[in-house]
Amino acid sequence: MLGEFMKRLSQLLLLGALILLPVKGVQAQTPEDPIYVKTSNGWNGAYAHGNEYAEFRVIGNGAKLQDPYHILLQKSVGMMLSFVDKKELQSNRDLLSAHAQWEVAYWRQHASRVESNTREDLTGTRKDVKVTEIRVYNDKGAQMSSYLVGLAAKDGVFALSVSPAKKDIDPLVKELVSSFKLVPRTLDAEETKRLSSEAKAQR
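Just so you know, the residues in each chain are numbered from 1, in the order the chain's sequence is written. Per-residue local features are limited, in this predicted model, to residues with pLDDT of at least 70; the limit for side-chain atom pairs, both in listing and counting, is 80 or more; totals at the level of whole chains, interfaces and linings are taken over all residues. The side-chain values count all of the structure's non-hydrogen atoms but skip hydrogen atoms and water molecules.

Quick word on the pairing of strand β4 (residues 64-67)
Here's step 1: Two strands qualify as a pair provided DSSP detects at least 2 bridges between them. Only DSSP runs of H or I with at least four residues qualify as helices, and only runs of E with at least two residues qualify as strands; both kinds are numbered from the N terminus onward. Pairing of β4 with strand β5 (residues 70-74), which is carried by 3 bridges, proceeds in the antiparallel orientation. Across the sheet, leucine 65 pairs through a bridge with isoleucine 71, a residue of β5.
Here's step 2: Between β4 and β5, which pair antiparallel one after the other, the connecting turn spans 2 residues.

And the structure:
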């Protein structure tokens, strides 16, 4: 248990920022890679699955793309994107709660203690998105923390994992949540061109 925990913690720290949060179900029907369009103050992102996609905005010219799934939002704060198929969650009802429980259950298999709580203060009145703060401890007291942001989709949940979870990045997470929306269209060449044109208009 300790070895597994420290191995994962090392993966996070080696990147210079906590950006590589393991997600168990990424292999389940992996969607196309996310795409990004530069704006005057950051990036617009789009992440497709089937005939719909999730859009989001990364605010701040200091944000750096590590690869399509990992973004350094600011110094020592990273984000990972993922999609979890509802088959993995084994739930056709409340996908967002099932997704949060699924993630917490995974960590409980590999850590001495796991704490989680829903952060409704970061989502407002929206029901299509859920933010869960997760803190994971090993038996030596070492800790990992993250905000798990889930967006309900037709076939599963789009997720943003932002780490570490700390009060001074709450405004950043709120911005991400407010921009994190499901678009019921296929992310084809024409739609990509439209997104690019919109981004240019924002410059």
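Observations concerning the pattern of salt bridges
Here's step 1: What makes a salt bridge here is a side-chain nitrogen of Lys or Arg within 4 Å of a carboxyl oxygen of Asp or Glu, nothing more. A full pass over the atoms with the stated rule returns 9 salt bridges.
Here's step 2: We note a salt bridge from aspartate 128 to arginine 126, for which the minimum N-O separation is 3.0 Å.
Here's step 3: The buried label applies to any residue whose accessible area, calculated with a 1.4 Å probe on protein chains only, is under 20% of its type's maximum; exposed applies above 50%, and partly exposed to all values in between. With a relative accessible area of 32%, aspartate 128 lands in the partly exposed category.
Here's step 4: Classification of arginine 126 as partly exposed rests on a relative accessible area of 22%.
Here's step 5: Among the charged side chains, a salt-bridge network with shared partners connects Arg119, Asp121, Glu133, Arg135 and Asp170.

Some words on the sheet that holds β4
Here's step 1: Strand order in this open sheet of 7 strands is β4-β5-β6-β10-β9-β8-β7, and the pairing throughout is antiparallel. Each of the sheet's edge strands pairs with one partner strand only, and the pair in question is β4 and β7 (113-118). Geometrically, the sheet is characterised by an average inter-axis angle of 25 degrees between neighbouring strands, direction not taken into account.
Here's step 2: Relative to strand β8 (residues 129-137), β7 runs antiparallel, the two being bridged by 6 bridges. Counted as the bridge partner of valine 114 is valine 136 from β8.
Here's step 3: Seen against the sheet, helix α3 (residues 95-108) touches β6 (77-85), β7, β8, β9 (143-152) and β10 (156-163) and runs at an angle of roughly 10 degrees to β8.
Here's step 4: Note on definitions: a residue-residue contact is assigned when non-hydrogen atoms from the two residues lie within 4.5 Å. Orientation is described by lines fitted to C-alpha atoms, with helices fitted over the stretch in contact, and by angles between N-to-C directions that extend from 0 to 180 degrees. The strands touched by helix α4 (residues 170-179) within the sheet are β5, β6, β8, β9 and β10, with β9 carrying the most contacts at an inclination of about 20 degrees.

That is the geometry; function is a separate question.
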